[in-house]
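# Descriptive structure summary
Residues per chain, in single letters:
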Amino acid sequence: MLSGLLIVLLPLLLGYLVPVRHNGVMNGINRGVNASVYVILLLMGISLAGLDELGRELSHMGSQALSLFAVITACNLVALWWLSRRLGLRMGHSPVMANAPTTKLAALLGSLSLVAIVAGGVLLGLALAWLGGDMIFLHAEQWAEWVLYALLALIGCQLRNSGMPLKQILLNRHGLAIASVLAVSSLVGGLLAAPLLSLRWQEGLAMASGFGWYSLSGILVGDRLGPVLGGVAFFNDLTRELLAFLLIPMTIHRHAPLAIGYGGATSMDFTLPVIQQHGGVACVPMAVVSGFLLSLLSPPLILFFLSL
């Protein structure tokens with residue numbers, strides 16, 4: 001159990017030990033992360049194409065993802081609403097910023113493009129199988145595993161060089177509170193959903209530990225539990241991000257911790273522009289700290305629960 005956990009955690013730790021001071025190198029690392037995610041999602045789609053009774057398995061995967069998402073979301077919203085009432089934060093109305101890094105539509109399209117890559121992998125796998133290339137299914141999982149090791153090393157390097165000092169993280173009590181409540185309520189949701197989905201409790205916790213980081217959760221879960229459950233984890237966390245884009249404008253003025261926290265790990269990147277647009281710059285430190293902590297916590301938690 002521990003050896004399997006260390007094998008996957010080792011690249012993450014090694015990457016975290018590498019300081020990067022050159023912007024060009026950091027840009028290359030960021031591009032490498034994006035490319036690795038695309039490659040692994042494509043290979044995930046190819047693996048899905050190799051399943052017997054593909055249509056039935058995909059339907060089952062969709063129903064499981066929807067059930068998992070519903071339970072975890074209910075737990076998250078109740079817990080974050082409680083935190084919002086307790087903290088009593090109120091954000092002033094802020095006009096939409098013209099120089100924001102992205103728009104909601106662009107962010108939604110970026111998320112949906114990842115779904116298109118998985119679908120493209122399925123179609124590619126079916127085409128190769130029709131041409132007599134069944135061996136691709138045997139190699140896809142092995143290739144995905146090697147690319148995963150490279151991805152984890154690059155992610156570790158990103159976290160180390162994110163420019164967020166540990167002191168600044170620990171001193172932002174609102175960001176720390178938001179991340180803690182989101183993490184605990186997600187794990188409670190995973191435990192509640194596990195028997196409904198005929199999963200072991202460890203698997204339920206692992207599926208709930210993505211905290212919205214869909215590209216990583218789907219990859220890690222799929223590597224250990226197969227492409228179907230990997231797809232469930234992927235779509236569960238992707239749906240979180242899509243709902244966050246809708247919730248943030250509606251809730252951030254009266255319930256800022258709920259709006260910031262529900263995005264999970266994405267509040268430091270993909271949903272941050274929307275948070276900034278509708279909540280103002282006062283929300284940015286909380287969002288970045290919360291997202292950073294959840295991003296730091298997610299890979300070890302997923303790997304730990306999968307190793308039990």
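In what follows, the accompanying structure is described.

What counts, and where the lines are drawn
- Residues numbered from 1 in each chain as written.
- Predicted model: local features only at pLDDT ≥ 70, side-chain atom pairs only at ≥ 80, totals over all residues.
- Heavy atoms only, no water.
- Helix = DSSP H or I, 4+ residues; strand = E, 2+ residues; numbered from the N terminus.
- Buried < 20%, exposed > 50% of the residue type's maximum accessible area, 1.4 Å probe, protein only.
- Contact = heavy atoms within 4.5 Å.
- Expected span 1.5 Å × (residues − 1).
- Bend = angle between axes of the 7 residues up to and from the residue.
- Phe/Tyr/Trp six-rings, centres within 6.5 Å; stacked < 30°, edge-to-face > 60°.
- Lys NZ or Arg CZ within 6 Å of the ring centre and 35° of its normal.
- Salt bridge = Lys/Arg side-chain N within 4 Å of Asp/Glu carboxyl O.

If you tally the helices and strands in the chain, you get 13 helices and zero strands. Listed N to C, the secondary structure of the chain is α-α-α-α-α-α-α-α-α-α-α-α-α in terms of helices and strands. Scored against the burial criterion, the 308 residues of the chain give a buried share of 53%.

You can see S290 is positioned in helix α13 (residues 284–307). For S290, the residues in contact, after removing those within four places along its chain, are G175, I178, A179 and S267.

With 25 residues, helix α10 (residues 227–251) ought to run about 36 Å at 1.5 Å a step, and its terminal C-alpha atoms sit 35 Å apart, in line with that. By the largest-angle criterion, F245 marks the main kink of α10, which is about 30°, and a proline, P249, follows within four residues. Most of α10 sits out of view: 18 of its 25 residues are buried.

The next thing to look at is helix α9 (residues 214–225). Note that an α-helix has 3.6 residues per turn; residues three or four places apart therefore point the same way. Its twelve residues place the ends of α9 16 Å apart at the C-alpha level, agreeing with the 16 Å of an ideal helix rising 1.5 Å per residue. Among the twelve residues that make up α9, nine are buried, leaving the element largely enclosed by the rest of the structure. Every buried residue of α9 is accounted for by Y214, S215, L216, S217, G218, I219, L220, V221 and G222. In the segment just after α9, G226 is the residue with positive phi, at about 100°.

Another point: the packing of aromatic side chains. This model, assessed by the stated rule, comprises four aromatic pairs. An angle of 90° between the planes, with centres 5.8 Å apart, marks the rings of W146 and Y149 as edge-to-face. In this pair, W146 and Y149 both sit in helix α5 (residues 135–160), three residues apart, roughly one turn of the helix. For Y149, a relative accessible area of 16% gives the class buried. Joined through ring pairs, the aromatic side chains of Y214, F234 and F235 make up one cluster. Above the face of the Y262 ring, R240 is positioned so that its terminal group lies 5.0 Å from the ring centre.

On to the environment of A35, then. Of note, A35 is situated in helix α2 (residues 23–49). Residue classification places A35 among the partly exposed residues on the basis of a relative accessible area of 39%. Distance from A35 to L151, taken between C-alpha atoms, is 9.1 Å for residues 116 residues apart in sequence.

Before going further, it helps to spend a moment on the pattern of salt bridges. Counting across every chain of the model gives two salt bridges. For E203, the salt bridge identified is with R200, shortest N-O distance 3.3 Å. Overall, the relative accessible area of 40% leaves R200 in the partly exposed class. Here D223 ties to R224 by a salt bridge, and the two come within 3.8 Å at their closest N and O atoms. For R224, a relative accessible area of 33% translates into the label partly exposed.

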